[in-house]
Amino acid sequence: MAIYLFALLIGIVAGLRAMTAPAAVAWGAWLGWLPLAGTWAGFMGHWIALAIFTVLALAELVTDQLPSTPSRKVPVQFATRIVMGALAGAVLGTVGGAPIGGLAAGVIGAILGTLGGAAVRSSLAQSFGGKDLPAALIEDVVAILGALLVVGMVA
């Protein structure tokens, strides 16, 4: 039952930072923390998947700070977060023998993380006098530490 909670939480991370969730899962797989060999999700432990998701996560951390970056709630951004939450949740679900349940929990978490993250970041920015950068950096830290904590707990 705990695997559903972890899939939900990694989905929330995807709602905050879409690429951080699969990057953390790929790191967990590559380091051997997540036993995925011989499963459909075994590709997550390959160095190519690790490199791709890591580069995308780092790029997202940079581009999120740009004023030209669209809202996470626009369709393309929102859909990307849902897909990445689904992927990361399904991979964690696979570790617990429930890939479909993990996928569903990851989708729900991504929706919650997207909408809740936007609301919290907006409130934080207001508390910083309308400055978004400190709120964005706090959200970055929460997403990264949250992803590491979830993957570590599943391991």
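Look up: the structure comes first, before these words.
Now for a description of the structure that goes with this document. (Residues numbered from 1 in each chain as written. Predicted model: local features only at pLDDT ≥ 70, side-chain atom pairs only at ≥ 80, totals over all residues. Heavy atoms only, no water.)

Regarding a nonpolar patch on the surface
A cluster of nonpolar side chains, Trp27, Trp30, Leu31, Trp33, Trp47, Ile48, Ile52 and Leu56, forms an exposed patch at the surface whose accessible area comes to about 830 Å². Here Trp47 lies in helix H3 (residues 47-63). (Patch = residues over 30% accessible without salt bridge, like charges linked within 9 Å, V, L, I, M, F, W, Y side chains within 5 Å. Areas by Shrake-Rupley, 256 points an atom, 1.4 Å probe, with all protein chains shown as cover. Salt bridge = Lys/Arg side-chain N within 4 Å of Asp/Glu carboxyl O. Helix = DSSP H or I, 4+ residues; strand = E, 2+ residues; numbered from the N terminus.)

Observations concerning the side chain of Arg81
Relative to the helices and strands, Arg81 resides in helix H4 (residues 75-95). Of the side chains with opposite charge, Glu60 lies nearest to the buried Arg81, which makes no salt bridge, at 4.2 Å. In this structure the side chain of Arg81 is engaged in a polar contact, spanning 2.8 Å, whose partner is the backbone oxygen of Gly15. When sequence neighbours within four positions are dropped, the list of residues in contact with Arg81 reads Ala14, Gly15, Leu16, Arg17, Ala18, Glu60, Arg72, Ala110 and Thr114. (Buried < 20%, exposed > 50% of the residue type's maximum accessible area, 1.4 Å probe, protein only. Lys, Arg positive; Asp, Glu negative; His and termini not counted. Polar contact = N/O pair within 3.5 Å; in protein donor to acceptor, adjacent residues only side chain to side chain. Contact = heavy atoms within 4.5 Å.)

Examining the packing of helix H2 (residues 20-30) against helix H6 (residues 132-154)
Direction vectors running N to C along H2 and H6 enclose 35°, while the axes themselves pass 9 Å from each other. Crossing hand, H2 versus H6: right-handed. Seen from H2, the contacting residues are Thr20, Ala24, Val25 and Gly28; seen from H6, they are Ala143, Ile144, Ala147 and Val151. Tallied by class, residues from the contact of H2 with H6 come to 6 nonpolar, 2 polar and no charged. (Axes fitted to C-alpha atoms, helices over the stretch in contact; angles between N-to-C directions. Left-handed = near helix turned anticlockwise from the far one by under 90°. Nonpolar A, V, L, I, M, F, W, Y, C, P; charged D, E, K, R; others polar.)

Points about the packing of aromatic side chains
On inspection of all chains with the given rule, the structure shows 2 aromatic pairs. Taking 5.5 Å as the distance between ring centres and 85° as the angle between the ring planes, the aromatic pair formed by Trp27 and Trp30 counts as edge-to-face. Residue Trp27 and its partner Trp30 are both found in helix H2; the two are separated by 3 residues, about one turn of the helix. Exposure remark for Trp27: the relative accessible area of 36% places this residue in the partly exposed category. Judged by relative accessible area, Trp30 falls into the partly exposed class, the value being 43%. The interplanar angle of 45° and the centroid separation of 6.3 Å between the aromatic rings of Trp40 and Phe43 together place this pair among those described as tilted. Classification of Phe43 by relative accessible area gives partly exposed; the value is 38%. (Phe/Tyr/Trp six-rings, centres within 6.5 Å; stacked < 30°, edge-to-face > 60°.)

Considering the nonpolar core
Here is a general trend for soluble globular proteins: nonpolar side chains tend to be buried in one another's company. Ile10, Val25, Met44, Phe53 and Leu92 are the most contacted members of the largest nonpolar core, which has 32 residues in total. Among the elements of the structure, helix H1 (2-16), H2, H3, H4 and H6 are those that each provide at least two residues to this core. With residues up to four places along the chain from it excluded, the contact list for Met44 reads Pro22, Val25, Ala26, Ala29, Leu36, Ala49, Phe53 and Val91. (Core = buried A, V, L, I, M, F, W, Y, C linked by side-chain atoms within 4.5 Å.)

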